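Structural features, examined
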Amino acid sequence: MKGGFLTNGYGPILIVVAALAVLPFGFSANTTLNFLGFVLIVTLAAQGWNLLAGYGGQFSFGHAAFFGMGAYAIALAQVRFGLNPWLALPLAISLGALTGTILGYLSFRARLRGSYFALVTLAFAEVFRILANASAFTGGAAGVLIPLRIEAANFQFADKRSFYWLALSFVAFVLLLTHWIARSRFGAYLVAVRENEDAARALGVDALAVKLKAITLSGGITAAAGSLYAQKFLYIDANLAFGPWISVEALLAPIIGGIGTVFGPLAGAVLLLGLGEITKTFFTWLLGGALPGIDLVVFGVLLILCVAFAPRGVIGLLRRLAPSFRGGRA
Amino acid sequence: MSTETLLRCTGVTKRFGGLVAVDDASLDVEAGSITGLIGPNGAGKTTFFTVIAGFAEPTAGSVTFRGQDITALPAHRRAEIGIARTFQIVQPFAGLSVRENIAVGAYLRHPGREAALARAENIAQRLGLGPMLDQSAGDLTVAGRKRLEMARALATEPSLLLLDEVLAGLNPSEIRDMIPVVRAIRDSGVTILIVEHVMQAVMQLCDTVAVLAQGRMIAKGRPAEVASDPKVIEAYLGHGAAKRMQAQQGDSHA
């Protein structure tokens, strides 16, 4: 009965992914591909945040901690230990997941919720940033430069499209994973904890275990984004990897796109970064020079518009305007 | 008729700083019964209930379920072994539909989505929530929310159901509708411990009633016995009330 390809939610995901996959044939300029690849990295980081905060209600303000962990792990594994980046990638993801478990254990066991939890995550990210900036092992303030050796076997691609498709496959995997989770018992428990932790406990939900599982997955996903970032730009420093910019984008994208929805992070990242880029280009054309920070103004305006007119984000707005549009809702 | 004691509370004491909310209270709940826990405001009923449900640990005393000591067992583990509770102040998952709310409980015994949703629908029908399955839980009336509380708890397929004032806040006709629902739950094989203020319901529903006053268990017995117990009347109406009532009754007989 239920479970048809188009109605069980997997259909729309495959259609969107297929559409994104053919995009590079239409926009082959290097700058465009660079930009699209960057959008996917932010999407991936945001998907990690969305799983923990959107579904689980645990609002992190420091997902840079996971992002940076992934970025530094894959970079240092190559530079310090000569490890192949493909082997370093699962290591980096595991390290991000482990960071999630530890951070979660420390804060959830202490029953931190809401803004207290947000502040603790922010503190972790900042401590990591300062340590990475100070330690010789992480290259200090000079950062880490991954030596250029363009080979697919070395996770560096001559064709920009290869990287784009790789990043897309990560995003696609997490889209499917998120949708699957949303329809599973774990997903139901996660949402129950978000809605009312005491009521969930009374129904047999081990709230601590559920939250730990969520933050572990979330940390792993966002660390994967950090790893991709390091491999794309082949250079990271403390501010790029652990800086507040990624914490903010990882949470702004789902909030604007639609918090606690499968497509929210993707929709939000496209809108956020797309409008940011258009504005930057427009002002450069208008003033004959770059206007630094103008994209941040756009982010702010978008957030205000979203909070005022579309509290459930773009996906929520679409659902309201076209009730038949389900957009992969659980 | 031989009965098995499902739940046994022995010498339960709960102190909050200098305040003794529950003082050496003991209570047995027989399998298959509806046991009422009543008492005037501030008697410690809710605290006692919270200890039984595993949301607070007692300062002293023990709680056993089927002979197993569960005093320190966390709330979610109690649900697993078959103890479910409702909340006096209803706690719906407001952002979810009625169906999804009940399914969270059903997932405990039915890990698969289809099975859990089917189970949720079945329980909703039983509790008269059938027409509201796809409604948001936040949009339910007070009576609807009380039913949802019970439905969710029942979905965990408990052998002991703890009801915390499920009738409070309902109007007389809603209470009349609810009494057969509670009775039907017992008849389906679920033992019930009910904390309640609405006396008419307690008298109609309960096989045994325990009375808590100022943290102490002052009376236990069949509803009619307890209602005429002078200690109980005094606990509710104040010192000397029992005598005055007897005197009045004597006058009207004369």
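Look above for the structure.
Here's a quick rundown of the structure. (Residues numbered from 1 in each chain as written. Chains lettered and ligands numbered in written order. Predicted model: local features only at pLDDT ≥ 70, side-chain atom pairs only at ≥ 80, totals over all residues. Heavy atoms only, no water.)

Brief notes about the overall build of chain B
Helix and strand counts for chain B stand at 10 helices and 10 strands. In terms of overall size, chain B behaves like a compact globule, its C-alpha atoms giving a radius of gyration of 19 Å where 254 residues would be expected to give roughly 18 Å. Out of the 254 residues in chain B, the part that is buried amounts to 53%. Long-range pairs, those at least 24 residues apart, make up 64% of the contacts in chain B between residues at least 6 apart in sequence. For chain B, the accessible area works out to roughly 11,000 Å², and carbon and sulfur atoms hold 50% of it. Of note, chain B has its 26 positive side-chain charges centred 2 Å away from the centre of its 26 negative side-chain charges. (Helix = DSSP H or I, 4+ residues; strand = E, 2+ residues; numbered from the N terminus. Rg over C-alpha atoms; globule rule 2.2 N^0.38 Å. Buried < 20%, exposed > 50% of the residue type's maximum accessible area, 1.4 Å probe, protein only. Contact = heavy atoms within 4.5 Å. Areas by Shrake-Rupley, 256 points an atom, 1.4 Å probe, with all protein chains shown as cover. Lys, Arg positive; Asp, Glu negative; His and termini not counted. Charge placed at Lys NZ, Arg CZ, Asp CG, Glu CD.)

Describing the interface of chain A and chain B
In this assembly, 23 residues from chain A lie in contact with 25 residues from chain B. Roughly 2,000 Å² is buried in total at the junction of chain A and chain B, and carbon and sulfur atoms are behind 60% of that figure. Of all residues in chain A, R185, A202 and L203 of chain A bury the most surface against chain B, accounting for 30% of the area lost on that side. Taken together, the links from chain A to chain B amount to 0 salt bridges. Applying the counting criterion to the chain A and chain B interface returns 6 residue pairs in polar contact (both at pLDDT 80 or more). Contributions of two or more residues to the side of chain A that touches chain B are made by α7 (185–195) and α8 (197–202) of chain A. A total of 7 residues in the side of chain A that touches chain B trace back to one element, the largest contributor, which is α7 of chain A. Taken together, the residues of the side of chain A that touches chain B break down into 12 nonpolar, 3 polar and 8 charged. (Buried area = accessible area lost by both parts, 1.4 Å probe. Salt bridge = Lys/Arg side-chain N within 4 Å of Asp/Glu carboxyl O. Polar contact = N/O pair within 3.5 Å; in protein donor to acceptor, adjacent residues only side chain to side chain. Nonpolar A, V, L, I, M, F, W, Y, C, P; charged D, E, K, R; others polar.)

Some points on the packing of helix α3 (residues 64–79) of chain A against helix α5 (residues 114–134) of chain A
Residues and elements named next belong to chain A. Packing of α3 against α5 brings their axes to within 8 Å, and their N-to-C directions diverge by 35 degrees. The way α3 lies across α5 gives a crossing that is left-handed. Together, A64, A65, M69 and Y72 of α3 and A125, F128 and A132 of α5 make up the contact between the two elements. Residues that form the contact of α3 with α5 fall into these classes: 7 nonpolar, no polar and no charged. (Axes fitted to C-alpha atoms, helices over the stretch in contact; angles between N-to-C directions. Left-handed = near helix turned anticlockwise from the far one by under 90°.)

A short note on the environment of T281 of chain A
Residues and elements named next belong to chain A. For T281, the location among the structural elements is in helix α12 (residues 264–287). Sequence separation between T281 and G316 is 35 residues, and the spatial gap between their C-alpha atoms is 29 Å. A polar atom in the side chain of T281 sits 2.7 Å from the backbone oxygen of E277.

Thoughts on the sheet that holds strand β5 (residues 68–69) of chain B
Residue and element names in this part refer to chain B. Sheet architecture is open: 4 strands sit in the order β2-β1-β4-β5, paired in antiparallel fashion. Each edge of the sheet is formed by a strand with only one pairing partner; in this case those strands are β2 (19–30) and β5. Bridging between strand β1 (residues 5–16) and β2 involves 8 bridges; their strand directions are antiparallel. If you follow C9 over to β2, its bridge partner there is L27. Packed onto the sheet, helix α1 (residues 45–53) meets β1, β2 and β4 (60–65) and runs at close to 120 degrees relative to β1. (Pairing = 2+ DSSP bridges.)

Describing the sheet that holds strand β3 (residues 34–38) of chain B
Residue and element names in this part refer to chain B. The strand order across the open sheet formed by 6 strands is β6-β7-β8-β3-β9-β10, and the pairing between neighbours is mixed. At either end of the open sheet lies a strand with only one pairing partner, and these are β6 (83–85) and β10 (216–221). Pairwise comparison of adjacent strand axes, ignoring direction, gives a mean angle of 15 degrees for this sheet. In this sheet, β10 lies alongside strand β9 (residues 208–213) in antiparallel orientation, the contact comprising 5 bridges. By the bridge assignment for β10, A213 is matched with R216. Running over the sheet, helix α6 (residues 172–187) touches β3, β7 (160–164) and β8 (191–195) and is turned about 145 degrees from β8.

Quick look at unusual backbone geometry
All names here are of chain B. Its identity as a non-glycine residue notwithstanding, R66 has a phi of 50 degrees, on the positive side. Within the fold, R66 resides in the loop between β4 and β5. On the basis of relative accessible area, R66 is assigned to the partly exposed category, the value being 48%. Phi at E157 is positive, roughly 55 degrees, even though this residue is not glycine. By secondary structure assignment, the location of E157 is in the loop between α5 (142–155) and β7. Using a relative accessible area of 31% as the deciding quantity, one classes E157 as partly exposed.

With respect to the packing of aromatic side chains
Residue and element names in this part refer to chain A. All told, the structure shown has 20 aromatic pairs over all chains when counted by the stated rule. For the ring pair F25 and W165, a centre distance of 5.6 Å and an interplane angle of 45 degrees mean the geometry is tilted. Taken together, the residues span a long stretch of sequence, with F25 in helix α1 (residues 10–26) and W165 in helix α6 (residues 160–182) at a distance of 140 residues. Overall, W165 belongs to the partly exposed group, its relative accessible area being 30%. Plain terms: the ring middles of W86 and F157 are 6.5 Å apart, the flat faces sit at 70 degrees to each other, and that makes the pair edge-to-face. Of this pair, W86 sits in helix α4 (residues 85–109) while F157 is found in the loop between β1 (144–145) and α6, placing the two residues 71 residues apart along the sequence. On the accessibility criterion, F157 (23% relative accessible area) is partly exposed. Taken together, the ring pairs in this structure connect F38, F67, Y229, F233 and W245 into an aromatic cluster. (Phe/Tyr/Trp six-rings, centres within 6.5 Å; stacked < 30°, edge-to-face > 60°.)

A word on the packing of helix α11 (residues 244–257) of chain A against helix α14 (residues 313–321) of chain A
Residue and element names in this part refer to chain A. Axis separation between α11 and α14 bottoms out at 3 Å; the angle between their running directions is 5 degrees. One element, α11, and the other, α14, form an angle in the roughly parallel class. In contact with I255, I256 and G257 of α11, α14 contributes G313, V314 and I315. Residues that form the contact of α11 with α14 fall into these classes: 4 nonpolar, 2 polar and no charged. (Parallel < 35°, antiparallel > 145°, perpendicular 65-115°, else oblique.)

Thoughts on the pattern of salt bridges
All names here are of chain A. This structure, assessed with the given rule, holds 18 salt bridges over all chains. Across the pair R161 and D159 runs a salt bridge whose closest N-O atoms are separated by 3.1 Å. A relative accessible area of 31% means that D159 is categorised as partly exposed. Between K280 and D295 there is a salt bridge, with its nearest N and O atoms 3.8 Å apart. Remark: D295 occurs in helix α13 (residues 294–309) and K280 occurs in helix α12; sequence separation between them is 15 residues. Since its relative accessible area comes to 17%, D295 is described here as buried. One network of salt bridges, with partners in common, ties together R113, E197 and K211.

Everything listed is a geometric property; what it means functionally is a separate question.
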